[in-house]
Amino acid sequence: MTPPPLIRIEALTRRFETGGGFLKRPRTMMAVQDVSLSIARGEVVGVVGESGCGKSTLARLVLRLLEPTSGRVLLGDSELTALPPAALRAARKRMAMVFQDPYSSLDPRYSLAEVLAEPFVVQRRALPSGAVAAMLAAVGLPETLATSHPHQLSGGQRQRVGIARALALEPEFLVLDEPTASLDVSIQAQIIDLLADLRDRLGLTYLFISHDLGLVRYFCDRIVVMYLGAVVEVLPHADAAPRHPYTRALIDSGFAPDPARRRTIAPLTGEIPSPFALPPGCAFAGRCPRATDRCRTDRPALGGDAAHPVACFHPH
Ligand SMILES: Nc1ncnc2c1ncn2[C@@H]1O[C@H](COP(=O)(O)OP(=O)(O)OP(=O)(O)O)[C@@H](O)[C@H]1O
Ligand code: SF4
Ligand SMILES: [Mg+2]
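Note that this is a predicted model, so its numbers are computed, not measured. (Residues numbered from 1 in each chain as written. Chains lettered and ligands numbered in written order. Predicted model: local features only at pLDDT ≥ 70, side-chain atom pairs only at ≥ 80, totals over all residues. Heavy atoms only, no water.)

## Regarding the overall build of the chain
Working step 1: The number of helices and strands found in the chain is 10 helices and 10 strands.
Working step 2: The C-alpha atoms of the chain give a radius of gyration of 20 Å, which matches the 20 Å a tight globule of 316 residues would have.
Working step 3: Along the longest, intermediate and shortest principal axes, the C-alpha atoms of the chain span 65 × 55 × 40 Å.
Working step 4: Put simply, the chain has 316 residues, and 49% of those count as buried.
Working step 5: The contacts of the chain with a sequence gap of at least 6 include a subset with a gap of at least 24, amounting to 65%.
Working step 6: Total accessible area on the chain is roughly 14900 Å²; 54% of this is exposed by carbon and sulfur atoms. (Helix = DSSP H or I, 4+ residues; strand = E, 2+ residues; numbered from the N terminus. Rg over C-alpha atoms; globule rule 2.2 N^0.38 Å. Buried < 20%, exposed > 50% of the residue type's maximum accessible area, 1.4 Å probe, protein only. Contact = heavy atoms within 4.5 Å. Areas by Shrake-Rupley, 256 points an atom, 1.4 Å probe, with all protein chains shown as cover.)

Next up, the structure:
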């Protein structure tokens with residue numbers, strides 16, 4: 001029997017209302033739309049997609065740093081999206097987030113010892129003796145840095161501190177939201193190696209978010225492809241042949257970590273629809289070389305092969 005998944009995401013949806021005001025109706029946008037996904041213990045699941053497709057919103061929903069409009073998230077048997085505050089605080093020990101930008105996520109006023117002690121303060125727990133040195137060692141930093149402040153560190157060292165802080169309460173599950181996007185390529189590789197090593201040593205489970213498909217294919221067991229808030233394909237492994245025209249375009253373009261190119265995928269023409277006014281049919285129809293009339297009126301659901309689902313009427 002296969003063990004039950006560690007994380008179950010069920011029909012998760014989040015809408016945002018923006019721009020309401022005097023004589024102006026607020027506009028509603030779908031940031032995350034009906035996303036379902038299970039993550040097994042020990043698995044590394046990647047999420048890729050263009051800027052604004054809802055990756056960070058999904059990350060925050062999964063950890064319940066943001067409330068969903070509808071849908072549920074379960075951690076083991078416990079439904080995170082239904083827990084009252086005290087139980088949620090207890091459940092929070094089991095999961096943590098690493099952010100893209102170690103510059104803004106670490107408070108410059110605090111020493112590393114204080115930064116690393118903070119999760120214990122939040123949980124109203126005593127800091128075990130030797131914990132700071134052990135956390136620094138776990139991410140390959142010397143104990144002598146404990147009295148340093150974040151601005152005295154390099155970008156790579158700062159992200160190691162971000163990872164150490166996420167590990168402070170010995171979580172089982174980490175959400176990594178573009179943890180290497182602000183780092184040089186050589187430093188990026190060191191951080192990925194560290195994350196891989198920590199997963200093996202500590203038996204961690206990751207949801208790894210990136211706009212760099214190459215990196216995700218290198219690091220992840222399964223790959224979720226998002227387009228305008230919805231999952232359009234789940235690749236069962238890094239080398240699986242893409243079936244959705246969007247995934248194929250991402251791969252053909254070598255969808256790369258160049259922020260200036262993030263919104264444009266080389267082989268695609270046509271407009272990305274506004275998330276405030278999604279078309280009735282497939283959201284990708286305006287850019288899709290395989291689109292037919294049906295694609296412009298009906299919305300394809302994620303389906304087909306359960307191990308390799310795709311949301312497309314005419315997949316490759
Ligand atoms: N608090 C908010 N209020 C209104 N709209 C929001 C809010 N947070 C996110 N959005 C919108 O939701 C959509 C998804 O944003 P999100 O940050 O999840 O995308 P992303 O895939 O992480 O993008 P990036 O690759 O740039 O980090 C965007 O259109 C964004 O403008
Ligand atoms: S459903 Fe149609 S428009 Fe959408 S990706 Fe498939 S072929 Fe393209
Ligand atoms: Mg983001």
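## A look at the packing of aromatic side chains
Working step 1: Applying the stated criterion to the full structure yields five aromatic pairs.
Working step 2: Aromatic side chains F208 and F219 sit 5.0 Å apart centroid to centroid with 70 degrees between the ring planes, which places their arrangement in the edge-to-face category. Within this pair, whereas F208 is found in strand β8 (residues 205-210), its partner F219 is found in helix α8 (residues 213-219), the two being separated by 11 residues in sequence. Of the two residues, F208 and F219, neither departs from the other in class, the shared state being buried.
Working step 3: Ring centres of Y246 and F284 lie 5.3 Å apart, and the angle between their planes is 70 degrees; this geometry places the pair in the edge-to-face category. (Phe/Tyr/Trp six-rings, centres within 6.5 Å; stacked < 30°, edge-to-face > 60°.)

## Here we look at the side chain of S210
Working step 1: Among the secondary structure elements, S210 is positioned in strand β8.
Working step 2: Looking at S210, its side chain comes within polar contact range of the main-chain nitrogen of D212, at 2.8 Å.
Working step 3: If we skip the residues at most four places from it in the chain, S210 touches V47, V48, G49, K55, E178, L215 and V216. (Polar contact = N/O pair within 3.5 Å; in protein donor to acceptor, adjacent residues only side chain to side chain.)

## Things to note about the packing of helix α4 (residues 112-122) against helix α6 (residues 155-167)
Working step 1: Interhelical geometry of α4 versus α6 gives an angle of 30 degrees and a closest axis separation of 8 Å. The angle between α4 and α6 falls in the class roughly parallel. Every pair of crossing elements has a handedness; the one defined by α4 and α6 is right-handed. Where α4 abuts α6, its residues L112, V115, L116, E118 and P119 lie against V161, A164 and R165. (Axes fitted to C-alpha atoms, helices over the stretch in contact; angles between N-to-C directions. Parallel < 35°, antiparallel > 145°, perpendicular 65-115°, else oblique. Left-handed = near helix turned anticlockwise from the far one by under 90°.)

## A word on the site of ligand 2
Working step 1: Around ligand 2 there are 13 residues in total, and C282, C288, C295, C312 and F313 lie nearest to it.
Working step 2: When the residues that make up the shell around ligand 2 are grouped by side-chain class, the tally is 10 nonpolar, two polar and one charged. (Near = heavy atom within 4 Å. Nonpolar A, V, L, I, M, F, W, Y, C, P; charged D, E, K, R; others polar.)

## Digging into the nonpolar core
Soluble globular proteins: nonpolar side chains tend toward being buried together.
Working step 1: With 58 residues, the main nonpolar core has I163, Y206 and F208 as its most contacted residues.
Working step 2: The residues contacting F208, other than those within four sequence positions of it, are V44, V45, G46, V47, L176, P179, I192, L215, V216, F219 and C220.
Working step 3: Counting 33 residues, the second-largest nonpolar core is a separate cluster that includes V47, L61, L80 and V231. (Core = buried A, V, L, I, M, F, W, Y, C linked by side-chain atoms within 4.5 Å.)

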